[in-house]
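# Working through the structure, step by step
Residues per chain are reported as follows:
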Amino acid sequence: MAGRYATALFDLAREEKAIDAVKADLERFDALVAESADLNRLVRSPVFSAVEQLQALSAVLERAGIGGLAAKFLKLVTANRRLFAVRDMVKAFRALVAGHKGEATAEVTVAEQLKDEHLAALRSALKAVSGKDVDLAVTIDPAIIGGLVVKLGSRMVDSSLRTKLNALRHAMKEVR
């Protein structure tokens with residue numbers, strides 16, 4: 001379902017030559033949902049009616065400065081009672097944009113926000129490996145303690161401190 005919505009939005013954005021603007025607005029909304037527990041509850045909870053969700057969403061979009069095609073899309077998704085899947089729709093839209101631009105999308109999980117120069121270095125290293133421009137989808141998860149987890153296509157590199165500690169714990173159990 002998320003793929004169908006994302007494809008429809010991508011086709012509309014391509015027709016209106018607004019792919020980058022829609023992508024930026026959707027990523028801003030996705031970041032808001034990730035940062036705010038209340039907004040995440042509004043998006044995912046079936047307890048709220050479509051009218052309540054639409055009113056709250058309209059206020060959030062206005063305050064965040066999200067308008068145009070992305071705002072119309074989010075309101076349509078809300079009216080159709082599919083807001084619970086909006087993050088998957090954003091992820092699918094990102095993948096469509098990356099495919100359209102000949103880019104690869106890498107999912108990066110870090111313990112804390114990376115500085116711009118670290119993001120640039122990571123992006124260039126992944127470009128060297130994949131041979132394509134790489135769009136980073138960064139997720140912050142303090143549970144990994146440190147390091148990062150990178151998924152690029154079917155490849156995954158887990159250099160998180162949590163994984164290394166778990167491997168050490170497992171090795172110490174075998175020694176006993």
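As a starting point, this report considers the structure included with it. (Residues numbered from 1 in each chain as written. Predicted model: local features only at pLDDT ≥ 70, side-chain atom pairs only at ≥ 80, totals over all residues. Heavy atoms only, no water.)

What follows deals with the packing of aromatic side chains. Inspection of the entire model under this criterion finds 2 aromatic pairs. Ring centres of Tyr5 and Phe73 lie 6.4 Å apart, and the angle between their planes is 65°; this geometry places the pair in the edge-to-face category. Of the two residues, Tyr5 is situated in helix H1 (residues 2–15) and Phe73 in helix H5 (residues 68–79); the sequence distance between them amounts to 68 residues. Tyr5 sits in the buried class, given a relative accessible area of 17%. Both rings, one in Phe10 and one in Phe93, keep their centres 6.1 Å apart while their planes meet at 65°; by these two values the pair is edge-to-face. Within this pair, whereas Phe10 is found in helix H1, its partner Phe93 is found in helix H6 (residues 86–101), the two being separated by 83 residues in sequence. The pair Phe10 / Phe93 is uniform in exposure class, with both members buried. (Phe/Tyr/Trp six-rings, centres within 6.5 Å; stacked < 30°, edge-to-face > 60°. Helix = DSSP H or I, 4+ residues; strand = E, 2+ residues; numbered from the N terminus. Buried < 20%, exposed > 50% of the residue type's maximum accessible area, 1.4 Å probe, protein only.)

This paragraph deals with the sheet that holds strand E4 (residues 155–158). Read across the open sheet, the 4 strands follow the order E2-E1-E3-E4; overall the sheet is mixed. Unpaired on one side and paired on the other, strand E2 (133–140) and E4 mark the two borders of the sheet. The average angle at which neighbouring strand axes cross in this sheet is 15°, direction not considered. Both strand E1 (residues 103–110) and E2 contribute to a ladder of 8 bridges, which runs parallel. Bridge assignment links Ala106 to a residue of E2, and that residue is Leu136. The strands that H6 touches are E1 and E2; relative to E1, the one it contacts most, it runs at about 140°. (Pairing = 2+ DSSP bridges. Axes fitted to C-alpha atoms, helices over the stretch in contact; angles between N-to-C directions. Contact = heavy atoms within 4.5 Å.)

By themselves, these observations are geometric and do not establish any function.
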